[in-house]
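# Descriptive structure summary
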Amino acid sequence: QVQLVESGGGLVQPGGSLRLSCAASGFDFSDYAMSWVRQVPGKGLEWVSSIWIGGTVTPSADSVKGRFTISRDNAKNTLYLQMNNLKVEDTAVYYCTKERTNVHGNGMDNWGEGILVTVSS
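Overview of the structure. (Residues numbered from 1 in each chain as written. Predicted model: local features only at pLDDT ≥ 70, side-chain atom pairs only at ≥ 80, totals over all residues. Heavy atoms only, no water.)

## A word on the nonpolar core
Rules: Definition of nonpolar core: a set of buried residues of the types Ala, Val, Leu, Ile, Met, Phe, Trp, Tyr and Cys, connected through side-chain atoms within 4.5 Å. Think of it in three bands: residues with accessible area under 20% of the maximum for their type are buried, residues over 50% are exposed, and the middle band is partly exposed, with areas taken using a 1.4 Å probe on protein chains only. Strands here are runs of E lasting at least two residues and helices are runs of H or I lasting at least four, both read from the DSSP assignment and numbered beginning at the N terminus.
Membership of the largest hydrophobic core comes to 26 residues, with the highest contact counts inside it found for Trp36, Leu79, Leu81, Met83 and Tyr94. Of all the secondary-structure elements, those providing two or more residues to this core are strand E3 (18-25), strand E4 (34-39), strand E5 (45-51), strand E7 (68-73), strand E8 (78-83), strand E9 (92-99) and strand E11 (115-119). The element that contributes the greatest number of residues to this core is E3, accounting for 4 residues.

## Section: the state of the cysteines
Definition in use: Any cysteine sulfur atom paired with another within 2.5 Å is treated as part of a disulfide.
The final tally for this structure, using the stated rule, is 1 disulfide. Bridging Cys22 to Cys96, the disulfide has an S-S length of 2.0 Å. Note on the Cys22 and Cys96 pair: the S-S dihedral is about -70°, so by sign convention the disulfide is left-handed. Within this pair, whereas Cys22 is found in strand E3, its partner Cys96 is found in strand E9, the two being separated by 74 residues in sequence.

## As for the sheet that holds E7
What counts here: At least two DSSP bridges between two strands are needed for those strands to be called paired. In this description, a line fitted to the C-alpha atoms serves as the axis of each element, helices being fitted only across the stretch in contact, and the angle between N-to-C directions of two axes falls anywhere from 0 to 180 degrees.
Strand order in the open sheet formed by 4 strands is E1-E3-E8-E7, and the pairing between neighbours is antiparallel. Since the sheet does not close on itself, it has two edges, and those belong to strand E1 (3-7) and E7, each with one partner. Adjacent strand axes in the sheet meet at a mean angle of 15°, parallel and antiparallel pairs treated alike. As judged from the 6 bridges shared by E3 and E8, these two strands associate in the antiparallel manner. Within E8, the position partnered with Ser21 by the bridge is Tyr80.

What follows is the structure, encoded as structure tokens:
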């Protein structure tokens, strides 16, 4: 079965950096686009960024543009999210998601359990 396991979250001070990882298994990772989605406590879901199978990156959400970078290593079946210059408002549960196809825009059919990132001084 499809499994997506996030890691790398935790507590960080404003201005700091974190790198999230998502270990994927149960499917041919290199055949599917992948995305990161987050949920701020008490608020709705917010799409963050997506990457296609060839490495093409969909422009990130305005709230993280210039600070977050999505990438993937198909040989390791791993998705990454590099987060720099973190802000308090970045505090959220971050989800690794599998797209239904090789590109973003056709829905997501699998989600990880999520990992908490807390930005606080």
